[in-house]
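Topology and contacts: notes
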Amino acid sequence: MPRKVYIIENLDCANCAAKVEKGISKLEGVESERVVFLTQKIILEVKEDCDWQGLIKAIEKEAKKVEPDCEITEK
């Protein structure tokens, strides 16, 4: 299962991180997800045939629902 780590900037609180994590968990292709507020990271494990670019766009959309100013970049 492929694993990637992304940086999520401008996340204001642990509660927001939990909301973003919950949104990511519902996305197709995601096997496991973890949004770590203290280190400002998203840790993902996804299915082998995952469309990474599509997934990242979907994650950004979910994150901006919770925190409109957040930015996601590859580590």
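The rules behind these values
- Residues numbered from 1 in each chain as written.
- Predicted model: local features only at pLDDT ≥ 70, side-chain atom pairs only at ≥ 80, totals over all residues.
- Heavy atoms only, no water.
- Helix = DSSP H or I, 4+ residues; strand = E, 2+ residues; numbered from the N terminus.
- Expected span 1.5 Å × (residues − 1).
- Buried < 20%, exposed > 50% of the residue type's maximum accessible area, 1.4 Å probe, protein only.
- Arc of directions from axis to C-beta.
- Contact = heavy atoms within 4.5 Å.
- Phe/Tyr/Trp six-rings, centres within 6.5 Å; stacked < 30°, edge-to-face > 60°.
- Lys NZ or Arg CZ within 6 Å of the ring centre and 35° of its normal.
- Core = buried A, V, L, I, M, F, W, Y, C linked by side-chain atoms within 4.5 Å.
- Salt bridge = Lys/Arg side-chain N within 4 Å of Asp/Glu carboxyl O.

Moving on: helix H2 (residues 52–66). Since the α-helix turns once every 3.6 residues, residues separated by three or four places project in the same direction. Between its terminal C-alpha atoms H2 stretches 21 Å, which fits the 21 Å expected from 15 residues at 1.5 Å a residue. Along H2, the residues that are buried comprise Trp52, Leu55, Ile56, Ile59, Glu62 and Ala63. Along H2, the residues classed as buried sweep out an arc of 125 degrees about the axis, all on the same side. Pointing more than 90 degrees away from the buried face of H2 are the exposed residues Gln53, Lys57, Lys61 and Lys65. Against strand S1 (3–9), helix H1 (14–25), strand S2 (30–36), strand S3 (41–46) and strand S4 (71–74) lie the buried residues of H2.

Considering all chains together, one arrives at one aromatic pair under this definition. Ring centres of Tyr6 and Trp52 lie 6.5 Å apart, and the angle between their planes is 40 degrees; on these two criteria the pair is classed as tilted. Of this pair, Tyr6 sits in strand S1 while Trp52 is found in helix H2, placing the two residues 46 residues apart along the sequence. Across the pair, exposure class does not vary: Tyr6 and Trp52 are buried alike. A cation sits over an aromatic face here: Lys4 above Trp52, 4.7 Å from the ring centre.

Another point: the nonpolar core. Membership of the largest hydrophobic core comes to 21 residues, with the highest contact counts inside it found for Ile8, Ile24, Ile42, Leu44, Leu55 and Ile59. Those elements that place two or more of their residues in this core are S1, H1, S2, S3 and H2. In contact with Ile42, not counting residues within four places along its chain, are Lys4, Val5, Tyr6, Ile8, Ile24, Arg34, Val35, Ile59 and Ile72.

The next thing to look at is the pattern of salt bridges. Under the defined criterion, the tally for this structure stands at three salt bridges. One salt bridge connects Glu74 with Lys4, and the closest N-O pair in it is separated by 3.6 Å. With Glu74 in strand S4 and Lys4 in strand S1, this pair connects stretches of sequence that are 70 residues apart. On the basis of relative accessibility, which here comes to 54%, the residue Glu74 falls in the exposed class. For Lys4, a relative accessible area of 28% gives the class partly exposed. For the salt bridge of Lys65 with Glu62, the shortest nitrogen-to-oxygen distance reads 3.2 Å. Taken together, the residues span about one helical turn, with Lys65 and Glu62 both in helix H2 at a distance of three residues.

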